[in-house]
Amino acid sequence: MGVGGHFWDLLKPCCRIEDVDFLRDKKVAVDLSFWVVQNETAIKGHVRNPHLRLIFFRTINLFSKFGAYPVFVVDGVPSPLKAQARAARFYRATGFDTSSLSKAEGVSVERNPVFTKHIQECVELLELLGMPILRANGEAEALCAQLNSLGCVDACITGDSDAFLYGAKCVIRSLLPNSREPIECYHMSDIEAGLGLGRKQMVAISLLVGNDHDLQGVPGIGTDTALRFIKLFSEDEVLNWLYEVGKRGILSVNTISKEALDCCGSASDETAVMTRSPHCSHCGHPGSKRDHLKVPCEYCNAYDRETCTQKPVGFKCECPYCIKERCSKEQKRHETWRIKVCQKIAAEPNFPNNKIIDMYLSSNTVCSEEFDGSSLLWREPQTDALVDFLGFHQNWQPAFIRQRILPMLSTILLRKIALEPRKALLLYGQYAFHSIQRVKIKCGHQFYSVKWKRASLGTNTLVNSNSIEAAEIQQMEPLVVDESTKLDESDVPQILVDDGSMFLLTDENMNLVRIAFPEKVDGFLRKKELKESKARKKIEVHSGDKSSGTQRSITDFFRCNKGSSQAKQGEDPMVVSESDMGDFHRESKNARSPSPSNLSRSVKRRLFD
C-alpha cells in the first residue's frame, strides 16, 4: 500500500516507461511480499500454488529476458504501529467498530500463518534458483530503499509508495514481460524536478493523508489538499511547521498560520487602500457613462474606437484598482483556506507522530544481518533439487521443469563465456554453442535465435535420448493446457533434430552473444549481408526483365486519336490526312451512338458534313 490517498496517481506524471534493456546487468532489490500478494490476487483459484508458479516464471524472466541481477528481500517482524494499522484495516473491511481498537492492548504483530508459509516456500524456491535473499528487521520496502540509497542495487521493485519515504532513488512499480515497453519506473530526481517534492515533504504528505502505520491521517485532508499545503513550506522546515501547528492547539492556529504564510513569502503588509472610482455601465472602464459621452473613454480609444463598446460577458476591468481588488480577494481566499487546514491539523490529537517520522527518516541499518555489497552472490540453480521441489509442490513433469529453466541456464553460460572466452563450457553439460539461426523480433525487440548442438555420444545413444525426451514432451502437453493461465511464463526453448543431431533453440540477448562469441556473430552478419545482397540483385534483375515487356503509359492500353492526328515534323498541324479520317469514320461506326433516324437535321449536318 504505502502512502494513502491515491499517492501513485499524484506521481503518475513523473513516470518513465522503459524498454527491456533498462535493467540489463543491473542489480535490483525485489520486495518478495509484494510479488506474492500481486500474483495470488491475479490468478488465485486458477492454478495450483500460484505463489510458487509465478515466482518461478517471473524470476526466470527477470534474470534471463531482462538481464537483471535480482536480490530478494523478505519482511521481518512488523512494528506495533503497522500491526495495529493492519488490524484496523481488517476490522474496517469486515464492518466491525474500530473505536475500541486504539484502547486494545497486546495487538499481535505476527503475520498470517498461511501467508508466512507461502513466503517460506518461495524463499526455498529462490534458494534453489541461486538467488540472494535478505531478511529485513521490519518492512521489506525499507531495506530495498536502503540498498538503493547506499548504491548496493540500482533500483527497487515494489508497489509500496513509501519506498520513496525510506530513501529510494529509483522504484519500479510494474513489469510486463510481453510488452514493447514493459517497465514502469519512477525516479526521485524526476519527482523533485516535476512536482517539487523532497523526501521530507513526502513524509509530511503521508502524515496528512495516512500511511501503513496510520491509516486515518488527518480527517478532511486529501492528496491534493496535502500537496498544496505542503508546498507552502521548504523541504527543511516542513516537518517543524507541522509540529508547531499540531502541538500549539486550536487557540493559536490563526497566529501560526499567519507566521507560516509570512515564512512562505505571502504579502502580509497591506498597501494604502485605493478609493474606487465610478465605472461606465456600458464599457466597464473607469469613468461614468455620461462622462464618456462628452470625452471618449481612454481605454476604448486605445483600440482606435471613437465611442465606448459594449462590455462582453465575463468582462474584467484591467485598471489598477480592479487588479488590486481581485488580488486582495484571492489572497483572502487562500488565507482562509490555509487557516481551515491548520485548524483540521490542530484538532487531530498527537499529531504528528514522531515514531512514524523517525521510522521513515532513520538511517540505521534495517537488515537482520550485517552485509556488504560485494557479499551479494548469485549461484547456479540446483536443477535436480528444483525438479524434486516443483514436482512435489506443483506436480510438474521433469521435462517441463528442465525446459522452462533453460533460458536462465543459457544466460548464466553466456555470461561465464564472456568472462572466460577460452574456457569450453556446455549447456546442461551436454549442449555446445553451434550457430546463430536468425534474428527474432519479440514485442518490438530483437534477439538472436541461438542453436545449441548436443555433444555426440554415439548414434544409438542419441536416438534413444531423443525418443525419451520427445515422449516426455508429449506427456507434458496436457499439463500445460490444464494450467491455463500463462501470466509471466518464460519462453519455451524449441527442440530441433537435423541430420541425426539434436539442437536446442533459445532466444538470447544480442549484445551478450556478441561478447561471448564475437567470431560467430561476425560470421552470421556476413552471411546475412551476402544473402540480402543476392536477394536484392535477383529482385533488380527480375524487375528489369519484367519492365521490358511492360506498357508504361495508358496510351499503350487504349488507342488515342489525338496522338495519331498530331502533325509530323514539317507538316501543317491543321491538315488531317485521309487515312486519319478513314480511321475516325471506322471507329465512329463501331462506337455506340443513337440511331440516325432519331437525330435532328442540324445534328446530322454537324456530324457528317
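Residues numbered from 1 in each chain as written. Predicted model: local features only at pLDDT ≥ 70, side-chain atom pairs only at ≥ 80, totals over all residues. Heavy atoms only, no water.

> If you had to explain the pairing of strand β7 (residues 183-187) to someone new, which residues and values would you point to?
With five of its five residues buried, β7 lies for the most part within the structure. Across the two faces of β7 the burial is the same, with Ile183, Cys185 and His187 and Glu184 and Tyr186 all buried. Strand direction decides the pairing type here: strand β1 (residues 15-18) and β7, joined by four bridges, are antiparallel. Of the residues in β7, the one forming a bridge with isoleucine 17 is glutamate 184. Relative to β7, strand β6 (residues 170-175) is paired through five bridges, and the arrangement is antiparallel. Of the residues in β7, the one forming a bridge with valine 171 is tyrosine 186. (Buried < 20%, exposed > 50% of the residue type's maximum accessible area, 1.4 Å probe, protein only. Helix = DSSP H or I, 4+ residues; strand = E, 2+ residues; numbered from the N terminus. Pairing = 2+ DSSP bridges.)

> Which residues make up the nonpolar core, and what values do they have?
With 67 residues, the main nonpolar core has Leu32 and Leu62 as its most contacted residues. Counting residues in each nonpolar core, the second largest holds 61 residues, with Ala142, Cys144, Ile205 and Ala226 among its members. (Core = buried A, V, L, I, M, F, W, Y, C linked by side-chain atoms within 4.5 Å.)

> Hey, could you go over helix α15 (residues 354-361) for me, with residue numbers and the actual values?
Restricting attention to buried positions, one finds in α15 the residues Ile356, Ile357 and Tyr360. When α15 is viewed along its axis, its buried side chains cluster within an angular range of 100 degrees and face the same direction. Within α15, the exposed residues directed more than 90 degrees away from the buried face are Lys355 and Asp358. Its side-chain oxygen at 3.0 Å from the backbone nitrogen of lysine 355, asparagine 353 defines the N-terminal cap of α15. (Arc of directions from axis to C-beta. Polar contact = N/O pair within 3.5 Å; in protein donor to acceptor, adjacent residues only side chain to side chain.)

> Any details on the sheet that holds strand β10 (residues 494-498)? Residues and values, ideally.
Within the open sheet, the four strands sit side by side as β8-β9-β11-β10. Their pairing is antiparallel. With partners counted over all chains shown, the strands left at the sheet margins are β8 (431-442) and β10, one partner each. If you compare each strand with its neighbour and ignore which way they point, the axes differ by 30 degrees on average. By the bridge criterion, six bridges tie strand β9 (residues 445-454) to strand β11 (residues 501-508) in an arrangement that is antiparallel. Opposite tryptophan 452, over in β11, you have leucine 504 as the bridge partner. Those strands touched by helix α17 (residues 398-419) are β9 and β11, and its axis lies near 80 degrees from that of β11. (Axes fitted to C-alpha atoms, helices over the stretch in contact; angles between N-to-C directions. Contact = heavy atoms within 4.5 Å.)

> Hey, could you go over the environment of asparagine 178 for me, with residue numbers and the actual values?
Looking at the secondary structure, you find asparagine 178 in the loop between β6 and β7. Residues asparagine 178 and cysteine 443 lie 265 residues apart in sequence; the distance between their C-alpha atoms is 6.6 Å. If near-sequence neighbours (up to four positions away) are discounted, asparagine 178 is found in contact with Lys65 and Cys443.

> Can you tell me about the side chain of glutamate 121, naming the residues and giving the values?
Topologically, glutamate 121 is positioned in helix α5 (residues 113-128). We note that glutamate 121 is buried and unpaired, the nearest opposite charge coming from lysine 117 at a distance of 4.4 Å. Apart from residues lying up to four places away in sequence, glutamate 121 is in contact with His51, Leu52, Phe389 and His393. (Lys, Arg positive; Asp, Glu negative; His and termini not counted. Salt bridge = Lys/Arg side-chain N within 4 Å of Asp/Glu carboxyl O.)

> Describe the environment of alanine 145, listing the residues and the values that go with them.
Among the secondary structure elements, alanine 145 is positioned in helix α6 (residues 140-150). The exposure class assigned to alanine 145 is buried, which follows from its relative accessible area of 0%. It is 5.8 Å that separates the C-alpha atoms of alanine 145 and tyrosine 166, two residues lying 21 residues apart in sequence. Aside from chain neighbours lying at most four places away, what touches alanine 145 is Cys156, Ala163, Tyr166, Gly167 and Ala168.

> Before we move on, could you go through the packing of aromatic side chains and cite the residues and values that matter?
By convention here, two paired aromatic rings are described through the distance between centres and the angle between planes. Tallying each qualifying case throughout the model produces 16 aromatic pairs. Both rings, one in phenylalanine 57 and one in tryptophan 396, keep their centres 5.8 Å apart while their planes meet at 40 degrees; by these two values the pair is tilted. Here phenylalanine 57, found in helix α3 (residues 50-65), pairs with tryptophan 396, found in the loop between α16 (383-393) and α17; they are 339 residues apart in sequence, far enough to count as distant. Of the residues examined, tryptophan 396 reaches a relative accessible area of 4% and is grouped as buried. Of the aromatic side chains, those joined through ring pairs into one cluster are Phe56, Phe57, Trp396 and Phe400. Taking the ring centre of tryptophan 35 as reference, the NZ or CZ of arginine 58 above it sits at 5.1 Å. Of note, arginine 415 hangs over the ring of tyrosine 69, and the distance from its end group to the ring centre comes to 4.2 Å. (Phe/Tyr/Trp six-rings, centres within 6.5 Å; stacked < 30°, edge-to-face > 60°. Lys NZ or Arg CZ within 6 Å of the ring centre and 35° of its normal.)

All quantities given are derived from atomic positions and should not be read as evidence of function.
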